[in-house]
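Observations on the three-dimensional arrangement
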Amino acid sequence: MQPSVRASEQRERMPEILSVRDVGFSYGGKRILHGVNLSVGTGDFLTIEGPSGSGKSTLLKLIASLLTPTVGIIEFDGRDMRSYPRPEYRRQVSYCFQQPTLFGTSVRDCLTFPFAIRNQRFDEDRARRSLSMMCLPEAMLDSRITQLSGGERQRIAVARNLLFTPRILLLDEVTTGLDATTKHVIHDLIARYNKRDGVTVLAVTHDETEIEAAEHLLTLDGEGMHTQR
Ligand SMILES: Nc1ncnc2c1ncn2[C@@H]1O[C@H](COP(=O)(O)OP(=O)(O)OP(=O)(O)O)[C@@H](O)[C@H]1O
Ligand SMILES: [Mg+2]
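Since the structure is predicted, the reported quantities are computational estimates derived from the model, not experimental observations.

How each quantity is defined
- Residues numbered from 1 in each chain as written.
- Chains lettered and ligands numbered in written order.
- Predicted model: local features only at pLDDT ≥ 70, side-chain atom pairs only at ≥ 80, totals over all residues.
- Helix = DSSP H or I, 4+ residues; strand = E, 2+ residues; numbered from the N terminus.
- Rg over C-alpha atoms; globule rule 2.2 N^0.38 Å.
- Contact = placed C-beta atoms within 7 Å.
- Near = placed C-beta within 6 Å.
- Nonpolar A, V, L, I, M, F, W, Y, C, P; charged D, E, K, R; others polar.
- Buried ≥ 20, exposed ≤ 12 C-beta atoms within 10 Å, placed from the backbone.
- Pairing = 2+ DSSP bridges.
- Right-handed = clockwise from strand over helix to strand, strands pointing away.
- Core = buried A, V, L, I, M, F, W, Y, C linked by C-beta atoms within 7 Å.

**With respect to the overall build of the chain**
Check the secondary structure of the chain and you find seven helices and eleven strands. Scaling as 2.2 N^0.38, a compact globule of 229 residues should have a C-alpha radius of gyration of about 17 Å, and the chain matches this with 17 Å. Considering only C-alpha atoms, the chain reaches an extent of 55 × 40 × 40 Å along its principal axes. Put simply, 74% of the contacts in the chain that link residues at least 6 apart link residues at least 24 apart.

What follows is the structure, encoded as structure tokens:
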């Protein structure tokens, strides 16, 4: 029997926003995750850790509807995630890739995308503000994507995810490779979205400081098992 994970000790008070029930996933014949149970309350901040290859990104991709569970059910806001039209679901549950793909030629192209999928005109002021929130110069809007550093790409990807506030933010090692000061600013920013706006955050990390500071911690152990501290 697999242990159940309860991400929110305040579940009685905070309505559950995400429920993962007996979820398993295999690539080809290889079992990556099995018997994953997870209950996340609205506004929770869940940190996810585990060795490389233990299935952390896979779990986030399942929750983001980029992969489909082999078995089990994922519920968002009390409904099977499969019952939502996919674009609607992805507007509410936003996944930031471990190795982000930035669309288009320039940063402007990339940040236009969230507006385009909502049939909205590009708001340049908002895009500039989102860059400065990430400690990036506003002038970077016209930089070419190929000329960005890894850390800059990562932060532009987070800015893109936060142009429109999601209900759930799935962060896949977004502070990896950043210097301490920038990391700090990103932590504060994410914490603000979490505490002030009630955005539920699931954040994968290998960073010891982030793991120690975790409000709720999910550990994947690489055997398809998971435990919670
Ligand atoms: N597209 C794929 N096809 C086949 N196997 C895959 C695919 N993507 C991932 N895997 C395998 O699934 C396992 C889990 O991968 P995943 O990316 O979820 O790990 P992770 O915990 O995020 O690791 P890391 O800390 O290195 O990012 C690994 O063994 C990986 O090789
Ligand atoms: Mg990963």
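**Remarks on the site of ligand 1**
Neighbouring ligand 1 are Tyr 27, Ile 32, Gly 50, Ser 52, Gly 53, Ser 54, Gly 55, Lys 56, Ser 57, Thr 58 and Gln 98. Looking at the shell around ligand 1 element by element, the count peaks at three residues for helix H1 (residues 56–63). Partitioning the shell around ligand 1 into residue classes produces two nonpolar, eight polar and one charged.

**A few points about the environment of Gly 29**
Tracing the backbone shows Gly 29 in the loop between strand S2 (16–27) and strand S3 (30–41). Taking the C-beta count within 10 Å as the criterion, Gly 29 has 5 such neighbours and is therefore assigned exposed. In this structure, the C-alpha to C-alpha distance between Gly 29 and Glu 75, residues 46 residues apart in sequence, is 25 Å.

**What about the environment of Arg 128?**
Positionally, Arg 128 belongs in helix H4 (residues 124–133). Using a count of 17 C-beta atoms within 10 Å as the deciding quantity, one classes Arg 128 as partly exposed. For the pair Arg 128 and Thr 68, spaced 60 residues apart in sequence, the C-alpha to C-alpha distance is 35 Å. With residues near it in sequence (within four places) discarded, Arg 128 still touches Glu 138 and Leu 141.

**Quick notes on the pairing of strand S8 (residues 168–172)**
Burial analysis of S8 places five of its five residues in the buried class, which makes it a mostly covered element. Going residue by residue along S8, you find Ile 168, Leu 170 and Asp 172 tucked away on one face and Leu 169 and Leu 171 tucked away on the opposite face as well. As judged from the four bridges shared by strand S7 (residues 93–96) and S8, these two strands associate in the parallel manner. Across the sheet, residue Ser 94 finds its bridge partner in S8, namely Leu 169. Taken together, the five bridges between S8 and strand S9 (residues 200–204) define a ladder with parallel strand orientation. By the bridge assignment, Asp 172 is partnered in S9 with Val 204. Handedness of the β-α-β unit built from S8, helix H6 (residues 180–195) and S9 comes out right-handed.

**Digging into the nonpolar core**
Counting 53 residues, the largest nonpolar core has Ile 63, Leu 170 and Leu 202 as the members making the most contacts within it. Setting aside residues no more than four positions away along its own chain, Leu 202 makes contact with Leu 46, Ile 48, Leu 60, Ile 63, Ile 168 and Leu 170.

**Quick word on H1**
A large share of H1 lies buried, amounting to six of its eight residues. Residues of H1 that are buried include every one of Lys 56, Ser 57, Leu 59, Leu 60, Leu 62 and Ile 63, and no others. Phi for Ser 65, located one or two positions after H1, is positive at around 65°.

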